[in-house]
Amino acid sequence: MDLQLTDTVAIVTGASRGLGRAAAEALAGEGARVVAAARSADALEDLAAGSAGRICPVRCDMRDAAEVAGLAEVAIERFGRLDCVVNNAGIAPAGTFLDQDLEVLAEVVAVNVTAPAVLSQAAARHFVDSGQGGSIINVGSTSSLKGKPLLAAYSASKGALARLTEALAAEWARYGIRVNMIAPGAFATEAQAQVLADEKMLAARLRKIPLRRMGEPAELGPLVCYLASPLAAFVTGSCFVIDGGEVSKL
C-alpha cells in the first residue's frame with residue numbers, strides 16, 4: 001500500500017533510541033525526510049548514517065522551549081516544508097510519590113507535556129500559514145489511560161498529553177491539522193532493560209499481557225506512518241492503544 005509519504009517532512013523527538021528511533025526509521029523507509037531530535041548526538045549520527053540523507057540529526061534538549069520550537073524552522077530550512085510532528089520524547093522516573101522531590105514532577109511535565117505543546121504550536125502555525133494542514137502524533141502511554149503506582153508524575157503527564165491531544169484536535173481541525181495519540185504498552189526497549197534482564201520479573205510482566213510478549217519497536221512504525229499519511233485524512237482526536245491487549249483486561 002502506498003502511504004503517499006514520499007518527500008514529505010516529519011520531525012521525530014526522542015529519535016535516538018527505542019520507539020522514537022523506530023518511528024524515524026519507518027518514516028524514512030516510506031520515503032519521508034525526517035528531522036530526528038534528541039539529546040544524544042552520537043546515537044543520532046548513527047541513525048542518520050544509513051538513511052541516504054533522509055534523516056537530519058539535530059541535538060535538542062526537550063527542557064529548552066526555544067530549542068524545541070526551533071525544530072520546526074530547522075525542518076523548513078533543511079527540507080523546505082513540514083508535514084508531520086511525532087512528539088515521542090519522554091522521561092519516566094520511578095519512585096514513591098511520598099518521597100519524590102517536586103522538582104522531578106516539574107521536569108517530567110516540562111519534557112512530557114510542555115515540549116509537545118511547544119512543538120505542536122510551532123508546527124501548527126506553519127501548517128496554518130501553508131494552508132496545507134498537517135499531522136501531529138503524540139506518543140503517550142497506557143499510563144495515559146490508567147495511572148500506575150510508582151509512576152505518579154509520568155502517569156499525570158501522559159494523562160495531560162491525552163487531553164491536550166483531544167483539545168488541539170477539536171481546535172485545529174478547521175485548519176486541516178490532525179492530532180492523534182498512540183498509547184504504547186510494554187515494548188522491548190532500553191526502558192525495559194531491567195525487566196528483560198530478569199527472567200522472573202519478565203515472566204511476571206508478560207503474564208499481564210494477553211499476547212504474552214512485549215512489543216517490538218518496529219511494530220510501532222507502521223501505525224506512525226499511517227497517521228502521518230493522507231490515508232488517515234479523516235482521523236483526528238483519536239487514541240490508538242498498542243499494548244498486546246493489556247489495557248483491555250484491566
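Check the entry above for the structure.
Residues numbered from 1 in each chain as written. Predicted model: local features only at pLDDT ≥ 70, side-chain atom pairs only at ≥ 80, totals over all residues. Heavy atoms only, no water.

Engineer: What should I look at first to understand the overall build of the protein in this one?
Structural biologist: When its secondary structure is counted, the protein shows eight helices and seven strands. Taken over C-alpha atoms, the radius of gyration comes to 17 Å for the protein, in line with the 18 Å a tight globule of 250 residues would show. For the protein, the C-alpha atoms occupy an extent of roughly 50 × 35 × 35 Å along the three principal directions. Considering the protein as a whole, with its 250 residues, one finds that 48% of them fall into the buried category. Of all intrachain contacts in the protein linking residues separated by at least 6 positions in sequence, the fraction that spans at least 24 positions is 66%. In the form shown here, the protein has an accessible surface area of approximately 11800 Å², with 54% of it arising from carbon and sulfur atoms. Taken as two groups, the 23 positive and 27 negative side-chain charges of the protein have centres that lie 7 Å from each other. (Helix = DSSP H or I, 4+ residues; strand = E, 2+ residues; numbered from the N terminus. Rg over C-alpha atoms; globule rule 2.2 N^0.38 Å. Buried < 20%, exposed > 50% of the residue type's maximum accessible area, 1.4 Å probe, protein only. Contact = heavy atoms within 4.5 Å. Areas by Shrake-Rupley, 256 points an atom, 1.4 Å probe, with all protein chains shown as cover. Lys, Arg positive; Asp, Glu negative; His and termini not counted. Charge placed at Lys NZ, Arg CZ, Asp CG, Glu CD.)

Engineer: Help me understand the nonpolar core, please; the structure alone is not making it clear to me.
Structural biologist: Proteins that are soluble and globular tend to have nonpolar side chains buried together. Residues Val 12, Leu 27, Val 86, Ile 137 and Val 224 are the most contacted members of the largest nonpolar core, which totals 32 residues. Those elements that place two or more of their residues in this core are β1 (9-13), α1 (18-29), β2 (33-38), α2 (41-49), β4 (84-87), β5 (134-139) and α8 (221-228). Once residues within four sequence positions are removed from consideration, Val 224 is found in contact with Ala 23, Leu 27, Val 86, Ile 137 and Ile 182. Counting 31 residues, the second largest nonpolar core, distinct from the first, contains Ile 11, Val 111, Leu 119 and Leu 168. (Core = buried A, V, L, I, M, F, W, Y, C linked by side-chain atoms within 4.5 Å.)

Engineer: I would appreciate a short explanation of the packing of α1 against α2 in the present structure.
Structural biologist: Two quantities define a packed helix pair, namely the angle between the helix axes and the distance between the axes. In contact at an axis separation of 11 Å, α1 and α2 are set at 25 degrees when each is read in the N-to-C sense. The angle between α1 and α2 falls in the class roughly parallel. Crossing angle aside, the handedness with which α1 passes α2 is right-handed. Residues Arg 21, Ala 24 and Glu 25 of α1 form the contact with α2, whose participating residues are Ala 43, Asp 46 and Leu 47. Tallied by class, residues from the contact of α1 with α2 come to three nonpolar, no polar and three charged. (Axes fitted to C-alpha atoms, helices over the stretch in contact; angles between N-to-C directions. Parallel < 35°, antiparallel > 145°, perpendicular 65-115°, else oblique. Left-handed = near helix turned anticlockwise from the far one by under 90°. Nonpolar A, V, L, I, M, F, W, Y, C, P; charged D, E, K, R; others polar.)

Engineer: Would you take a moment to explain helix α3 (residues 65-79) for this structure?
Structural biologist: With 15 residues, α3 should reach 21 Å at 1.5 Å per residue; the first-to-last C-alpha distance of 22 Å fits that figure. In the structure, α3 departs most strongly from a straight axis at Leu 71, where the bend amounts to approximately 30 degrees. Among the residues making up α3, those that are buried are Val 68, Leu 71, Ala 72, Ala 75 and Phe 79. Packed against the buried residues of α3 are β1, β2, β3 (55-59) and α4 (102-130). By the N-cap criterion, in which a side-chain oxygen at the helix start approaches the backbone nitrogen of a residue two or three places on, α3 is capped by Asp 64, the distance to Ala 66 being 3.0 Å. (Expected span 1.5 Å × (residues − 1). Bend = angle between axes of the 7 residues up to and from the residue. Polar contact = N/O pair within 3.5 Å; in protein donor to acceptor, adjacent residues only side chain to side chain.)

Engineer: Teacher, can you tell me more about the pairing of β2 here?
Structural biologist: Counting buried residues along β2, six of its six residues qualify, which places the element largely inside the surrounding structure. Alternating residues of β2 divide into Arg 33, Val 35 and Ala 37 and Val 34, Ala 36 and Ala 38, and every residue in both groups is buried. Pairing geometry for β1 and β2, over five bridges, is parallel. Paired with Thr 13 across the bridge in β2 is Ala 37. Handedness of the β1-α1-β2 crossover: right-handed. Here five bridges tie β2 to β3, and the two strands are oriented parallel to one another. Its bridge partner being in β3, Val 34 is matched across the sheet by Ile 55. (Pairing = 2+ DSSP bridges. Right-handed = clockwise from strand over helix to strand, strands pointing away.)

Engineer: I keep staring at the layout of surface pockets and nothing clicks. Help me out?
Structural biologist: One way to see where empty space is left: roll a probe the size of a water molecule over the atoms. A volume near 1600 Å³ is recorded for the largest pocket. Lining the largest pocket are 49 residues, and of these Ile 91, Ala 92, Tyr 154, Ala 191 and Gln 192 lie nearest its centre. Elements that contribute at least two residues to the lining of the largest pocket include exactly α1, β2, α4 and α5 (152-172). Considering each element in turn, the lining of the largest pocket owes the most residues, three residues, to α1. Its residues placed into classes, the lining of the largest pocket shows 22 nonpolar, 15 polar and 12 charged. Empty space within the second largest pocket amounts to approximately 270 Å³. Here the lining of the second largest pocket is composed, by residue class, of four nonpolar, eight polar and three charged. (1 Å grid on protein atoms, 1.4 Å probe; cavity = no way out; pocket = protein on both sides within 12 Å on 5 of 7 lines; lining within 4 Å. Points joined across faces, edges and corners; volume = space filled by probe spheres on them.)

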